[in-house]
Structure formats: structure tokens, C-alpha cells
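Next come the chains, spelled out residue by residue.
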Amino acid sequence: MAEQPRELQKLVAIAIDLELAGQLRTQAIELIGNIGTHEALLALLDLAANERLVPEERDLALKFAREIIKSGR
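Bear in mind the structure is a predicted one, so any value in this text is a computation, not a measurement.

Reading the values: rules and limits
- Counting of residues starts from 1 at the beginning of each chain's written sequence and follows it residue by residue.
- For a predicted model such as this one, the threshold for reporting local features is a pLDDT of at least 70, and the threshold for listing and counting side-chain atom pairs is 80 or more; totals across whole chains, interfaces and linings nevertheless cover every residue.
- The side-chain figures draw on all heavy atoms in the structure; neither hydrogens nor water molecules are used.
- What we call a nonpolar core is a set of buried Ala, Val, Leu, Ile, Met, Phe, Trp, Tyr and Cys residues that are connected through their side-chain atoms within 4.5 Å.
- Burial here depends on accessible area, computed with a 1.4 Å probe over protein chains only, as a share of the maximum for the residue type. Under 20% is buried, over 50% is exposed, and the range in between is partly exposed.
- Here a strand is any run of E in DSSP of at least two residues, a helix any run of H or I of at least four, and the numbering for each starts at the N terminus.
- The contact rule is simple, with two residues in contact once any of their heavy atoms fall within 4.5 Å.
- Here a helix's expected span is defined as the number of its residues, less one, multiplied by 1.5 Å.
- When we speak of the arc, we mean the arc of directions from the helix axis to the C-beta atoms.
- Any carboxyl oxygen of Asp or Glu within 4 Å of a side-chain nitrogen of Lys or Arg constitutes a salt bridge here.

Before going further, it helps to examine the nonpolar core. Residues Leu 8, Ile 29, Ile 32, Leu 44, Leu 47 and Ala 61 are the most contacted members of the largest nonpolar core, which totals 19 residues. Listed by contribution, the elements that provide at least two residues to this core are helix 1 (6-16), helix 2 (22-35), helix 3 (38-49) and helix 4 (55-71). Counting residues per element, this core draws most heavily on helix 3, which supplies six residues. If sequence neighbours within four positions are ignored, Leu 8 has contacts with Ile 32, Ile 35, Glu 39, Ala 40 and Ala 43.

Quick look at the structure:
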């Protein structure tokens, strides 16, 4: 994956940290979706492909990825 901005890297680290509460991981995914850049889209797709995450979190990542694609950002 291409080099990510620091903020995005930190949010991805939170989103994949299974030791954190699910609510924090969900909020991190939402924040990544709100960034809306191409790098954020790639990060969301990586999260959706991460089989260690719970299905709801993977679905949420896909939802935000779809929104970025639809917005054309």
C-alpha cells in the first residue's frame, strides 16, 4: 500500500488493535471513512479484507469505502 499520512496510520492501527474495545475500533473506521481520500479508501479496503476483524467492522469498512467511491473523491 502507498505511504499513508500519519493520522491515517494511527487510525488504522486503532482499527486493527483487537485489544481495544469494539466501539473504539468502530469509531476509528468511521473517522477513516470521513477522511475520504484515496489513501483512506485503500485503508478501508484493507480493513474489510482483514479476516481477524469481526464481520460487523469489516462491513462498516466496506460501507465507508462505497461512500468514498460514490462521492468520486
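Between the first and last C-alpha of helix 4 there are 24 Å, a value that for 17 residues agrees with the 24 Å anticipated at 1.5 Å per step. Among the residues of helix 4, those classed as buried are Glu 57, Leu 60, Ala 61, Phe 64, Ala 65 and Ile 68. Buried residues of helix 4 fall within an arc of 135° about the axis and therefore sit on the same side. Of the exposed residues in helix 4, those oriented more than 90 degrees away from the buried face are Pro 55, Glu 56, Ile 69 and Lys 70. Residues of helix 4 that are buried sit in contact with helix 2 and helix 3. Note on helix 4: the residue one or two positions beyond its end, Gly 72, has a positive phi of about 75°.

We now examine helix 3. Over its twelve residues, helix 3 runs 17 Å from end to end, which matches the ideal 16 Å to within 8%, given 1.5 Å per residue. Those residues of helix 3 not exposed but buried are Ala 40, Leu 41, Ala 43, Leu 44, Leu 47 and Ala 48. For helix 3, the buried positions fall inside an angular range of 165° around the axis, keeping them on one side. Check the buried side of helix 3 and you find it contacts helix 1, helix 2 and helix 4.

Okay, the pattern of salt bridges next. Any two side chains of opposite charge can pair, on the condition that their charged atoms come close. Following the criterion strictly, the structure yields two salt bridges and no others. The residue Arg 25 makes a salt bridge to Glu 57 at a minimum N-O spacing of 2.9 Å. In this pair, Arg 25 is assigned in helix 2 and Glu 57 in helix 4, connecting sequence segments 32 residues apart. One exposure class covers both Arg 25 and Glu 57, and it is buried. Close ionic contact of Glu 67 with Lys 63 constitutes a salt bridge, the shortest N to O distance being 4.0 Å. You can see Glu 67 and its partner Lys 63 sitting in helix 4, four residues apart, about one turn around the helix.

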